Amino acid sequence: MSIDPVASAADAVVAYLRTALGTNVSRVLRGWPEHGQTLKLGDGPVVAVTAASENRTPVPPRAVDQEDSGSGLLVTYKVATMRILAQVDLWSQYRAQRDDVAALIEAAAHNRVPRQVGLYLTQADYYGRPLDCELGRGRTQDDPRAVSKGTWRRLWDLTIDTDIVVQTTSPKLLQVDIQAALTEGALTISETVQVTTTL
């Protein structure tokens, strides 16, 4: 089954925010609500993570993981880097509530403090590949409609760096050391040769 690495990356961010924000929000979505669906802000603030675009740069193949599949070695090769440009949206019925949750989102975007800033995640359903995320400055949308409709909003740009991989199965390799010794009188000459073969 083919796995979409962009969707997988967005799902990893969504899962992380659901845990980090907990009961402070009613829902964390991948993508905006479908057409015709309402935000239902009376149940609590809503967060959405939407991938907008991606850029892939090929790199020379490099093995990043391997495991014994029984019939051979299942090797994972990194074949490209990928940068995803995404957006995080927050809607709330009340301005103070929005501001409180916005502060939680911005704090959650740094899960590597005190070592460094930024958000580091792992994709659960795309070969365990790492995600390096950076949340940009937030922007608020305070206009008359926000007051009249009770839809206070804040949004952030989110940059996600990861990689693209492929898996191949290689035959198992067996390495054997062959040692030979030649003795003539009091002199012994010894030599070891390594031979690599497939099973």
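See the structure printed just above.
Residues numbered from 1 in each chain as written. Predicted model: local features only at pLDDT ≥ 70, side-chain atom pairs only at ≥ 80, totals over all residues. Heavy atoms only, no water.

Participant: Requested: an account of the nonpolar core, with residues and values cited.
Facilitator: The tendency in soluble globular proteins is for nonpolar side chains to be buried as a group. Within the largest apolar cluster, 30 residues are counted, with the highest numbers of intra-cluster contacts made by Val-13, Val-47 and Ile-160. Top element by residues in this core is helix H1 (residues 5-21). It accounts for 7 residues. Each residue touching Val-13, except ones within four places of it in the same chain, is listed here: Val-49, Leu-121, Cys-133, Leu-158 and Ile-160. Membership of the second largest hydrophobic core comes to 6 residues, among which are Leu-29, Leu-39, Val-46 and Ala-48. (Core = buried A, V, L, I, M, F, W, Y, C linked by side-chain atoms within 4.5 Å. Buried < 20%, exposed > 50% of the residue type's maximum accessible area, 1.4 Å probe, protein only. Helix = DSSP H or I, 4+ residues; strand = E, 2+ residues; numbered from the N terminus. Contact = heavy atoms within 4.5 Å.)

Participant: Provide a residue-level description of the pairing of strand S4 (residues 119-122), including the pertinent values.
Facilitator: Here S4 shows one buried face, formed by Leu-119 and Leu-121, and one open face, formed by Tyr-120 and Thr-122. Note: S4 against strand S5 (residues 130-135), 4 bridges, orientation antiparallel. The partner of Leu-121 across the bridge, within S5, is Leu-131. (Pairing = 2+ DSSP bridges.)

Participant: Account for the packing of aromatic side chains, with residues named and values stated.
Facilitator: Within the structure shown, the criterion is met by 2 aromatic pairs. Relative to Trp-91, the ring of Trp-32 has its centre 5.6 Å away and its plane inclined at 80°; by these criteria the two rings are edge-to-face. Linking Trp-32 in the loop between strand S1 (27-30) and strand S2 (46-68) with Trp-91 in strand S3 (residues 73-92), this pair joins segments that are 59 residues apart in sequence. Taking the centre distance of 4.9 Å and the plane angle of 65° together, the rings of Tyr-126 and Tyr-127 count as edge-to-face. Classification of Tyr-127 by relative accessible area gives partly exposed; the value is 38%. (Phe/Tyr/Trp six-rings, centres within 6.5 Å; stacked < 30°, edge-to-face > 60°.)

Participant: I'd like a description of the pattern of salt bridges, backed by residues and values.
Facilitator: Evaluated as defined, the whole model comprises 9 salt bridges. One salt bridge in this structure joins Arg-154 and Glu-106, with 3.3 Å as the shortest N-O distance. Note that Arg-154 is positioned in strand S7 (residues 152-170) and Glu-106 in helix H2 (residues 95-108), a separation of 48 residues in sequence. A residue is classified by how much of its surface remains accessible, and Arg-154, at 16% relative accessible area, is buried. (Salt bridge = Lys/Arg side-chain N within 4 Å of Asp/Glu carboxyl O.)

Participant: If you had to explain empty space enclosed by the protein to someone new, which residues and values would you point to?
Facilitator: Considering all chains together, one arrives at 1 cavity of 30 Å³ or more under this definition. What the largest cavity holds in volume is close to 80 Å³. Lining the largest cavity we find Val-13, Leu-17, Val-88, Ile-105, Ala-108, Ala-109, Leu-119, Leu-135 and Leu-158. Looking at the lining of the largest cavity, the elements with two or more residues in it are H1 and H2. (1 Å grid on protein atoms, 1.4 Å probe; cavity = no way out; pocket = protein on both sides within 12 Å on 5 of 7 lines; lining within 4 Å. Points joined across faces, edges and corners; volume = space filled by probe spheres on them.)

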